[in-house]
Amino acid sequence: MKGGIVFFASGNNDYSDPSKSAPADYEKVIGVSATGPDYKKPTYSNYGDYTAISAPGGGSSRATQIWSTTIPSSGYYEYRYGTSMACPHVAGVAALIIQKHGVGKQGFTVAQLEELLLTTAYDIDRYNPEYTGQLGTGCVDAESALTAELVEERPAFLLETNPVTDGTLSFRVTLELLGSAVVTIYNGTGSKVFRREIETKRFRSTTVDISELSAGYYTLEFVCNGTTVKEKFIKY
C-alpha cells in the first residue's frame, strides 16, 4: 500500500471539544471513540463530529474491560478500559484489510483501506440517539470489512442528489477534499445565488439545504484544499 495511515484515541474526558482530543481531531488522522458492551458510548469516551469510527473500549466494571498488554511490573497483561483500548481494535482490523488486499499486490491505496474500514462499520446511533453523528461512521466490524467488495478508486467528489427533489443537496468527498470547503451555487444565467462555508467529513454524506432556491438548472462550485470541482444539477 502506497502511503500510510494513522489512528489515534479520542481521549477519556467525555468532551466533544476537538481541541481536547488532539491529534485525533486532525482531519488526516482516524480518530477513534469507544463503545461499551451495550453498544453505548461509555461515560469516559470523548466524542464529536471529528471522530471517524468507534470500537470496543470496555466498561468500568472488570467483567466488561479489555484484557490488554501492559508494563512488566503489572505482569505484562491487565484489564483496562478507555479509548486507548478501542484504538488498537481499529488498527488491528486495518492490518487485516491490508493483509488481504495489499500484501504482495499492487495498487491498493489508503483511500480504499479507509473506505473498507469506515463504510462497513455497524450503526450505533440507534443506541446513542443523543450522540448521533458524534461517534464516527459506527463501530468497527472485522467480518464486514473483510468480506466487503473492494471498489475501484472513487472520484474525489461525488454528487449524490441529482436531481434535487427534497431541497437537500448531498455529496461525498474522499481524503484529499476533507476539511474546510466553500460551496457556491450559480443559476442558469451564471448569477451567484448561494454561498456557504462547510466542513466535510470522510465517507459521510455532506448535506446542504437549498430549499429556498427556486426550481431550475444550477451549477455547483465546490472549493477545498486548492481544488475546485464544478457539477451541474437540477432542482425540482
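The structure this text deals with has already been given above.
The residue numbers shown here count from 1 along each chain, following its written sequence. Selection of residues for local features in this predicted model requires a pLDDT of at least 70, selection of side-chain atom pairs for listing and counting requires 80 or more, and totals for whole chains, interfaces and linings are taken over all residues. Based on all heavy atoms of the structure, the side-chain values leave hydrogens and waters out of the count.

Novice: Could you give me a rundown of the overall build of the chain, with the residues and numbers involved?
Specialist: Numbered from the N terminus, helices here are DSSP runs of H or I no shorter than four residues, and strands are runs of E no shorter than two. Helix and strand counts for the chain stand at three helices and twelve strands. Expressed along its principal axes, the backbone C-alpha trace of the chain runs to roughly 70 × 45 × 30 Å. Any residue under 20% of the maximum accessible area for its type is buried, any over 50% is exposed, and the rest in between are partly exposed; the area is computed with a 1.4 Å probe on protein chains only. Residue burial in the chain is summarised as follows: out of 236 residues, 44% are buried. In this description, contact between two residues means that some pair of their heavy atoms is separated by no more than 4.5 Å. Considering only contacts within the chain whose residues lie at least 6 apart along the sequence, 57% involve residues at least 24 apart. In short, Shrake-Rupley with a 1.4 Å probe defines the accessible areas, and a residue's cover is counted only from the protein chains shown. Surface exposure of the chain reaches about 12,300 Å², of which carbon and sulfur atoms provide 50%. Residues counted as positive are Lys and Arg, residues counted as negative are Asp and Glu, and His and the chain ends are not counted. Each charge is placed at NZ for Lys, CZ for Arg, CG for Asp and CD for Glu. Of the side chains in the chain, 21 bear a positive and 26 a negative charge, and the two mean positions are spaced by 2 Å.

Novice: Quick one: what's the story with a nonpolar patch on the surface, residue by residue and with numbers?
Specialist: Taken together, the side chains of Trp-67, Tyr-76, Tyr-77 and Tyr-79 make up a nonpolar region of the molecular surface, amounting to roughly 490 Å² of accessible area. Considering the arrangement of structural elements, one finds Tyr-76 in the loop between β4 (66-69) and β5 (77-80). Of the residues examined, Tyr-76 reaches a relative accessible area of 51% and is grouped as exposed. Exposure above 30% relative accessible area and no salt bridge define the residues that can form patches, which grow by joining like charges within 9 Å and nonpolar side chains of Val, Leu, Ile, Met, Phe, Trp and Tyr within 5 Å. For this document, the term salt bridge refers to a Lys or Arg side-chain nitrogen within 4 Å of an Asp or Glu carboxyl oxygen.

Novice: Quick one: what's the story with the sheet that holds strand β9 (residues 192-200), residue by residue and with numbers?
Specialist: To summarise the sheet geometry, strands pair through backbone hydrogen bonds and adopt either a parallel or an antiparallel arrangement. Read from one edge of the open sheet, four strands run β9-β8-β11-β12, paired in antiparallel fashion. Either end of the sheet is taken by a strand with one partner, and the two such strands are β9 and β12 (227-235). Direction aside, neighbouring strands of the sheet carry axes that sit 20° apart on average. Two strands are counted as paired when DSSP detects at least two bridges linking them. Axis definition: a line fitted to C-alpha atoms, over the contacting stretch in the case of helices. Angles run 0 to 180 degrees between N-to-C directions.

Novice: Before we move on, could you go through the pattern of salt bridges and cite the residues and values that matter?
Specialist: Where charged atoms from two side chains of opposite charge come close, those side chains can pair. Throughout the structure, instances matching the rule amount to seven salt bridges. Two residues, Asp-123 and Arg-126, come together in a salt bridge whose shortest N-O distance is 3.2 Å. In this structure Arg-126 comes out as exposed when scored by relative accessible area, which is 55%. As a salt-bridge pair, Glu-197 and Arg-195 come within 3.9 Å of each other at their nearest N and O atoms. The class for Glu-197 is exposed, based on a relative accessible area of 61%. Judged by its relative accessible area of 49%, Arg-195 falls in the partly exposed class.

Novice: Outline the nonpolar core, listing residues and values.
Specialist: If you look at soluble globular proteins, the nonpolar side chains tend to sit buried side by side. In this description, a nonpolar core means a group of buried Ala, Val, Leu, Ile, Met, Phe, Trp, Tyr and Cys residues linked to one another through side-chain atoms lying within 4.5 Å. The biggest cluster of nonpolar side chains holds 24 residues, and the ones touching the most others in it are Val-32, Ile-53, Val-90, Ile-97 and Leu-117. When residues of this core are traced back to their parent elements, those giving at least two are β1 (7-9), β2 (30-35), β3 (53-56), α1 (83-101) and α2 (110-119). Tallying contributions element by element places α1 first for this core, with six residues. Judged by nonpolar contacts, the second largest core, of 22 residues, contains Val-173, Phe-194, Ile-210 and Phe-233.

Novice: Quick one: what's the story with the sheet that holds β3, residue by residue and with numbers?
Specialist: Taken in spatial order, the three strands of this open sheet run β1-β2-β3, and their pairing is parallel. Either end of the sheet is taken by a strand with one partner, and the two such strands are β1 and β3. Between one strand axis and the next, the sheet turns through 40° on average, direction left out of account. Where β1 and β2 come together, three bridges link them in parallel fashion. Bridged to Ala-9 within β2 is Val-32.

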